[in-house]
Amino acid sequence: MPRAAIPALRTTPLQSKEITHVSSCVLRRENRELLDATDFAKIKASSLNDFPVQYVEVKLASISGAHLSEHHLKATASLSYINQLVATRFEKFDLLELFQEFPLIDPQVGWISTTPTIDLFSAVDTVTIDMVKQSVAWMRKNIDVELTKTVNEYDRDLDWSREILLRACDINLSEIIMCEEKELTDIDRGFTGGPITFMLIMNKLSSLTSDGLYDLYKHIQSLDVKNYDGEHIPSVTKEIRLALKRLESCSKDRFVLPPTMMDDLIKVLQTTSCEEFNNTFKTLKIH
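Within each chain, residues carry numbers counting from 1 in the order of the written sequence. Given that this is a predicted model, residues contribute local features only at a pLDDT of at least 70 and side-chain atom pairs are listed and counted only at 80 or more, while totals for whole chains, interfaces and linings are drawn from all residues. In computing side-chain properties, one takes all heavy atoms of the structure into account and sets aside hydrogens as well as water.

J.: Help me get a handle on the overall build of the protein chain, residues and values and all.
T.: Under the DSSP-based scheme used, a helix requires at least four consecutive residues in state H or I and a strand at least two consecutive residues in state E, with every element numbered from the N terminus. Within the protein chain, the secondary structure is distributed over twelve helices and two strands. Tracing the protein chain from N to C terminus, the helices and strands come up as α-α-α-α-β-β-α-α-α-α-α-α-α-α. Relative accessible area decides the class of each residue, using a 1.4 Å probe on protein chains only: under 20% of the type maximum gives buried, over 50% gives exposed, and in between gives partly exposed. Within the protein chain, the proportion of its 287 residues that are buried is 45%. Look at the contacts in the protein chain between residues 6 or more apart in sequence, and 75% of them connect residues 24 or more apart. Any two residues whose heavy atoms approach within 4.5 Å at even a single point are treated as in contact.

J.: Explain the pattern of salt bridges residue by residue, including any values.
T.: What makes a salt bridge here is a side-chain nitrogen of Lys or Arg within 4 Å of a carboxyl oxygen of Asp or Glu, nothing more. For the coordinates displayed, the defined rule picks out twelve salt bridges. Residue Lys226 is joined to Asp224 by a salt bridge in which the shortest nitrogen-to-oxygen separation is 3.2 Å. On the basis of relative accessibility, which here comes to 42%, the residue Lys226 falls in the partly exposed class.

J.: How would you summarise the side chain of Thr197 if you had to cite specific residues and measurements?
T.: Mapped onto the secondary structure, Thr197 falls in helix α8 (residues 194–206). When residues no more than four places from it in sequence are discounted, the contact partners of Thr197 are Arg162, Leu165, Leu166, Ile177 and Glu181.

J.: How would you summarise the nonpolar core if you had to cite specific residues and measurements?
T.: If you look at the biggest cluster of nonpolar residues, it comprises 49 residues, and the most contacted ones within it are Tyr55, Phe90, Leu120, Met139, Phe198 and Ile201. Among the secondary structure elements, those contributing two or more residues to this core are α3 (65–92), α4 (97–100), α5 (129–142), α6 (153–167), α7 (171–187) and α8. Top element by residues in this core is α8. It accounts for seven residues. Take the buried Ala, Val, Leu, Ile, Met, Phe, Trp, Tyr and Cys residues and link them wherever side-chain atoms come within 4.5 Å; each set so joined is a nonpolar core.

J.: Lay out α7 in plain terms, naming residues and giving numbers.
T.: Here a helix's expected span is defined as the number of its residues, less one, multiplied by 1.5 Å. Helix length check: α7 (17 residues) gives 25 Å between terminal C-alpha atoms against 24 Å at 1.5 Å per residue, within 8%. Taken as a whole, α7 has its buried residues at Leu173, Ser174, Ile177, Glu181 and Leu184. Viewed along the axis of α7, the buried residues span an arc of 95°, placing them on a single side of the element. Counted as exposed and oriented over 90 degrees from the buried face of α7: Ile171, Cys179, Lys182, Glu183 and Asp186. To obtain the arc, one takes the directions from the helix axis to the C-beta atoms.

J.: Help me get a handle on the packing of α5 against α6, residues and values and all.
T.: Helix axes are fitted only over the stretch in contact, all axes being lines through C-alpha atoms; the angle between N-to-C directions runs from 0 to 180 degrees. Contact geometry for α5 and α6: axes closest at 9 Å, N-to-C directions at 135°. Between α5 and α6, the interaxial angle falls into the category oblique. Both α5 and α6 take part in a crossing whose hand is left-handed. The residues of α6 that touch α5, namely those facing Val136, Met139 and Arg140, are Tyr154, Asp155, Leu158 and Asp159. Oblique is the label for any angle not under 35 degrees, not over 145, and not in the 65 to 115 range, which are roughly parallel, roughly antiparallel and roughly perpendicular in turn. In this scheme the crossing of two helices becomes right-handed for a clockwise turn of the near helix relative to the far one and left-handed for an anticlockwise turn of less than a right angle.

J.: Requested: an account of the environment of Glu153, with residues and values cited.
T.: On the secondary structure map, Glu153 appears in helix α6. By relative accessible area, Glu153 is classed as buried at 9%. As a C-alpha pair, Glu153 and Arg29 span 124 residues in sequence and 8.3 Å in three-dimensional space.

J.: Explain the environment of Ser174 to me, using residue names and the numbers behind them.
T.: Position of Ser174 among the secondary structure elements: in helix α7. Each C-alpha atom, one on Ser174 and one on Ile201, is 8.9 Å from the other, the two residues being 27 residues apart in sequence.

J.: An account of the packing of aromatic side chains is requested, with residue identities and associated values reported.
T.: Each aromatic pair joins two rings of Phe, Tyr and Trp (for Trp, the six-membered one) with centres within 6.5 Å, and gets the label stacked for planes under 30 degrees apart, edge-to-face for over 60, and tilted for any other angle. Throughout the structure, instances matching the rule amount to eight aromatic pairs. Arranged with centres 4.5 Å apart and planes meeting at 20°, the rings of Phe90 and Phe99 form a pair that is stacked. Judged on exposure class, the residue Phe90 and its partner Phe99 are both buried. Against the face of Phe51 rests Arg89, its NZ or CZ located 3.9 Å from the ring centre. Arg156 extends its terminal NZ or CZ atom over the ring of Phe40, reaching a point 4.7 Å from the ring centre. We call a charge positioned above a ring when the Lys NZ or Arg CZ atom is no farther than 6 Å from the ring centre and deviates by at most 35 degrees from the ring normal.

As C-alpha cells, this is what we get:
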C-alpha cells in the first residue's frame, strides 16, 4: 500500500483561538524524541493531574420543561469553562492542534492539502461522531510510522488526548464513555482516540435537537437581569455570549439566529432594577 499523503507535522505549538490564559507549552513535538521513556512517562503523568472541575452528566429527565432551557443555558457556560481547562491542558503538551484544526477526511480521497478542518471545541452542534470517527480511523490505518519518525505521533496524540479527556470526567461519566467507546471499537479497532472521546462526551452532555436550540433562544429572550445574584451584568452577558456562540455555530438546517437578535438582547438589558441603566438601552434600536 502506498504511503498516505498527509500534511507535514507541525513542530511549533499552535496559537490558541478562543482559549485565554493558556500555560506555555512544556513539551513540544520536536522535543519528544529527545526524551527517554522514563522522562516522557513523568511528563505524561503530569498531564493527567486532576482537573479543578469535571464533566458531569445531569439526568435531564429529572428537570421539568419549565427549567430545561435554563439548564441548557447554564450548562453551555459550564461546558465552555471545562472545555477551556481541557484545551489549556492540551496546549501545554502540544496536543491542541488535533482538536482546533481537526481534519474531516474523506476515506476515498485521503488527507490532502484541500481537506477541510474544523474546530471541535466550537462545532458541538455541527460535526457528527460519524465524521470524526471516520477521520480518526483513517489516521490510524494510513499514516506510516516511517512518515512520523520512530513513533507514530498521530497514534500517540490520539491515545494521549483520550486519557486526558477521561481524566476530565467524573467517575460515573468516565465509565459511561468507556462503554460507548467499546461499542465503537467492537465495530472497528480504529474508532478510538481523543477527538472521538470528546464527541462522545459532548453528545452526552450537550446534544440538543432543533427544538431544543429554539427553546434555548426563547429562554435568552425571556431573561431577567434581576434574577441574577447582585444583578451582575458581566455574568448575564457571559452566559448570553456563550449561548449565542453555540447557536451561531449550528448548521443552518438546525437553527438560524433571527434578525431581531440585537433588539432581543437590548430588551434583556432593560430588565434591571435600575431605571437609569434601563433607560440607556431603551434609546438603542437596531431595527
